[in-house]
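Breakdown of the fold
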Amino acid sequence: MAAVATPNLRSPLHSPSHGKKDHDYPPIATPFVPRFRGSHLSNPKPTLKSSRNASILPLIRAQNSPVDYTPDAEFYKVEAILRPWRVQQVSSALLQMGIRGVTVSDVRGFGAQGGSTERHGGSEFSEDKFVAKVKMEIVVSKDQVEFVIDKIIDEARTGEIGDGKIFLIPVADVIRVRTGERGEKAERMTGGRADMSATTLT
């Protein structure tokens, strides 16, 4: 959060081969550089939706879903730095889609906006002042990652500087303290997305 991303920092998803300019999409910062094998990327087609703050914003996705992540893992932690007043909206949407395990903590910092100001509640913040944010941490199985990222973007985005960042971190294992279960059994929660999917199929 405290690290400042330079304006010319690019991820593979910002490659000119996709026919888009850098300013067409918000930059995505990750703690590692993903590589994609056998990718079938295509340009997204934004549509318009009405957000809860009565403004009209283009429907944004995390550019294109990768076929594979590097390093590969069975589980990933989705770590999102968000505006505090958007957290309840995001957590409610995640709960509705079956994501049960979320950790939330208050953090402070400044991001890639650098010297630009962020306005909220009548106050202005610049790079030399830490801004209050909330960090959400969600560990999910690999097949749920893109659904979670898209839902966070849908609910947290205002289109203004300071909307936040999402980091994707591979997780080696998950252990449930109460039972000692590991892996998928430990990650899975009763009534979660896996159970909802199973109910739909039956």
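Residues numbered from 1 in each chain as written. Predicted model: local features only at pLDDT ≥ 70, side-chain atom pairs only at ≥ 80, totals over all residues. Heavy atoms only, no water.

**Description of the side chain of Arg83**
Within the secondary structure, Arg83 sits in the loop between strand S3 (75-82) and helix H1 (87-96). A relative accessible area of 4% means that Arg83 is categorised as buried. A distance of 3.3 Å separates a polar side-chain atom of Arg83 from the backbone oxygen of Glu160. Here the side chain of Arg83 touches Asp163 through a polar contact of 2.9 Å, side chain to side chain. (Helix = DSSP H or I, 4+ residues; strand = E, 2+ residues; numbered from the N terminus. Buried < 20%, exposed > 50% of the residue type's maximum accessible area, 1.4 Å probe, protein only. Polar contact = N/O pair within 3.5 Å; in protein donor to acceptor, adjacent residues only side chain to side chain.)

**Notes on the pattern of salt bridges**
Two side chains with opposite charge may pair up if their charged atoms get near one another. Taken as a whole and assessed by the stated rule, the structure comprises 6 salt bridges. Arg182 is the partner of Asp173 in a salt bridge, and the nearest nitrogen-oxygen pair spans 2.8 Å. Judged by relative accessible area, Asp173 falls into the partly exposed class, the value being 29%. It is possible to trace a salt-bridge network through shared partners that takes in Lys77, Glu79 and Glu137. (Salt bridge = Lys/Arg side-chain N within 4 Å of Asp/Glu carboxyl O.)

**Remarks on the packing of aromatic side chains**
Scanning the entire structure with this criterion turns up 2 aromatic pairs. Centroid distance Tyr69 to Tyr76: 5.0 Å. Interplanar angle 55°. Geometry classified as tilted. With a centroid separation of 5.9 Å and an interplanar angle of 25°, the aromatic rings of Phe110 and Phe130 are classed as stacked. Of the two residues, Phe110 is situated in the loop between strand S4 (103-109) and strand S5 (118-120) and Phe130 in the loop between strand S6 (123-125) and strand S7 (131-141); the sequence distance between them amounts to 20 residues. Note on Phe110: relative accessible area 17%, which makes it buried. Exposure remark for Phe130: the relative accessible area of 44% places this residue in the partly exposed category. (Phe/Tyr/Trp six-rings, centres within 6.5 Å; stacked < 30°, edge-to-face > 60°.)

**Considering the packing of H1 against helix H2 (residues 145-156)**
Packing of H1 against H2 brings their axes to within 9 Å, and their N-to-C directions diverge by 140°. For the pair H1 and H2, the crossing hand works out as right-handed. Two secondary-structure elements touch here, H1 through Gln89, Val90, Ala93 and Leu94 and H2 through Val148, Lys151, Ile152, Glu155 and Ala156. Residues belonging to the contact of H1 with H2 are distributed by class as follows: 6 nonpolar, 1 polar and 2 charged. (Axes fitted to C-alpha atoms, helices over the stretch in contact; angles between N-to-C directions. Left-handed = near helix turned anticlockwise from the far one by under 90°. Contact = heavy atoms within 4.5 Å. Nonpolar A, V, L, I, M, F, W, Y, C, P; charged D, E, K, R; others polar.)

**A few points about the nonpolar core**
Within the largest apolar cluster, 23 residues are counted, with the highest numbers of intra-cluster contacts made by Val78, Leu94, Val148 and Ile152. Elements with a contribution of two residues or more to this core: S3, H1, S7, H2 and strand S8 (165-171). Setting aside anything within four residues of it in sequence, one finds Leu94 in contact with Ile99, Val102, Met136, Ile138, Val148, Lys151 and Ile152. (Core = buried A, V, L, I, M, F, W, Y, C linked by side-chain atoms within 4.5 Å.)

**Describing H1**
Here H1 has its buried residues at Val87, Gln89, Val90, Ala93 and Leu94. Taken end-on, H1 shows its buried residues confined to a sector of 165°, consistent with a single buried face. Turned more than 90 degrees away from the buried face of H1, the exposed residues are Gln88 and Gln96. In this structure, the buried residues of H1 make contact with S3, S4, S7 and H2. Downstream of H1 by a residue or two, Gly98 has a phi angle that is positive, lying close to 100°. (Arc of directions from axis to C-beta.)

**A word on H2**
Taking 1.5 Å as the rise per residue, H2 with 12 residues should run 16 Å; its terminal C-alpha atoms sit 16 Å apart, in good agreement. Of all 12 residues in H2, 10 are buried; the element is thus mostly enclosed. Within H2 the residues assigned to the buried category are Val145, Glu146, Val148, Ile149, Asp150, Ile152, Ile153, Asp154, Glu155 and Ala156. (Expected span 1.5 Å × (residues − 1).)

**A look at the sheet that holds S3**
Here 4 strands make up an open sheet; going across it, the order is S4-S7-S3-S8 and the pairing antiparallel. Only two strands of the sheet have a single partner each, and these edge strands are S4 and S8. On average, each strand axis in the sheet is inclined to that of its neighbour by 25°, with strand direction left out of account. In this structure, S3 lies alongside S7, joined through 8 bridges in antiparallel fashion. From the neighbouring strand, Leu82 faces S7, where its bridge partner is Val134. The sheet contacts of H1 involve S3, S4 and S7, and relative to S7 the element is tilted by about 10°. Set on the sheet, H2 makes contact with S3, S7 and S8; between it and S3 the angle comes to about 10°. (Pairing = 2+ DSSP bridges.)

Coordinates in, geometry out; function isn't part of it.
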